[in-house]
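Fold and contact review
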Amino acid sequence: VSTIMKNPNINADQISDGGTLTTLAFGQIPVLGPIILTLGIICFAYSTILGWAYYGERAVEYFAGHKGLIPYRIVYVLVAAIAPIVALDVVWALADILNALMAIPNLICMLLLSGEIAKDIREFQKKIHKYN
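Residues numbered from 1 in each chain as written. Predicted model: local features only at pLDDT ≥ 70, side-chain atom pairs only at ≥ 80, totals over all residues. Heavy atoms only, no water.

Let us now look at the confidence of the model for the chain. Per-chain confidence: the chain averages 87 in pLDDT, with 92% of residues scoring 70 or above. Averaged pLDDT values for the elements of the chain fall to 57 in helix α1 (residues 2-6) and rise to 94 in helix α4 (residues 69-82). (pLDDT = per-residue confidence, 0-100. Helix = DSSP H or I, 4+ residues; strand = E, 2+ residues; numbered from the N terminus.)

Here it is, written out as C-alpha cells:
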C-alpha cells in the first residue's frame with residue numbers, strides 16, 4: 001500500500017505477485033534497498049528452514065522414536081534440495097496443503113477439549129479475581 005502511494009510509477013495493476021511488488025518497492029530505495037531485501041530474504045529463509053527441520057524432528061521423534069530421525073533427515077534434505085527447482089506455485093500449494101494437514105488435527109483436538117479448556121479458564125479467572 002505504501003509503495004503505491006509513495007511511488008505512483010509502480011503500477012500495481014500490472015504486477016502479478018507480491019514478490020515482484022516487493023522487489024520493485026525495495027528497488028526504489030537507492031543502493032541499500034536491494035541489499036536490505038536480499039539479506040532479509042536470506043535470514044527469513046534460513047530461519048524457516050531451521051525451524052521447520054526442528055519442529056519436524058520433534059514430531060517424528062514423538063511418533064516414531066529416535067530411530068525415525070535419520071530417515072526424516074534424509075527426506076528433509078532431499079525435499080530441500082528439490083524445492084528450489086520446482087515451480088513456485090507448486091511449492092506454495094504443497095506448503096498450504098501440509099499446513100492444513102497440521103491444522104486439522106489441532107482443530108479437532110481443540111473442539112474435543114473445549115469443555116476442559118473452558119473449565120480451566122473459569123478456574124483461572126476465579127484465582128485472578130480472588131487476588132484483585
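The N-to-C vectors of helix α2 (residues 18-27) and helix α3 (residues 32-64) enclose an angle of 140 degrees; their axes lie 7 Å apart at closest approach. Between α2 and α3, the interaxial angle falls into the category oblique. Judged by residue contacts, T22, T23 and F26 of α2 engage G33, P34, I36 and L37 from α3. By residue class, the composition of the contact of α2 with α3 is four nonpolar, three polar and no charged. (Axes fitted to C-alpha atoms, helices over the stretch in contact; angles between N-to-C directions. Parallel < 35°, antiparallel > 145°, perpendicular 65-115°, else oblique. Contact = heavy atoms within 4.5 Å. Nonpolar A, V, L, I, M, F, W, Y, C, P; charged D, E, K, R; others polar.)

The next point concerns a nonpolar patch on the surface. Together, L94, I97, L98, L101, I104, I108, L112, L113, I117 and I121 make up a nonpolar patch on the protein surface, roughly 950 Å² of accessible area in all. Put simply, the parts of the chain that give the nonpolar patch at least two residues each are α5 (88-112) and α6 (114-131). At seven residues, the largest contribution of residues to the nonpolar patch is made by α5. Relative to the helices and strands, L101 is located in helix α5. (Patch = residues over 30% accessible without salt bridge, like charges linked within 9 Å, V, L, I, M, F, W, Y side chains within 5 Å. Areas by Shrake-Rupley, 256 points an atom, 1.4 Å probe, with all protein chains shown as cover. Salt bridge = Lys/Arg side-chain N within 4 Å of Asp/Glu carboxyl O.)

As a further point, take the packing of aromatic side chains. Scanning all chains against the criterion turns up three aromatic pairs. Centre to centre, the rings of Y54 and Y55 are 5.7 Å apart; their planes meet at 65 degrees, and the pair counts as edge-to-face. Taking the relative accessible area as the measure of exposure, Y54 reaches 46% and is therefore partly exposed. The interplanar angle of 80 degrees and the centroid separation of 5.2 Å between the aromatic rings of Y62 and F63 together place this pair among those described as edge-to-face. Like F63, Y62 is exposed. (Phe/Tyr/Trp six-rings, centres within 6.5 Å; stacked < 30°, edge-to-face > 60°. Buried < 20%, exposed > 50% of the residue type's maximum accessible area, 1.4 Å probe, protein only.)

Attention now goes to the environment of G40. You can see G40 is positioned in helix α3. The class for G40 is partly exposed, based on a relative accessible area of 37%. For the pair formed by G40 and A87, sequence separation is 47 residues and the distance between their alpha carbons is 22 Å.

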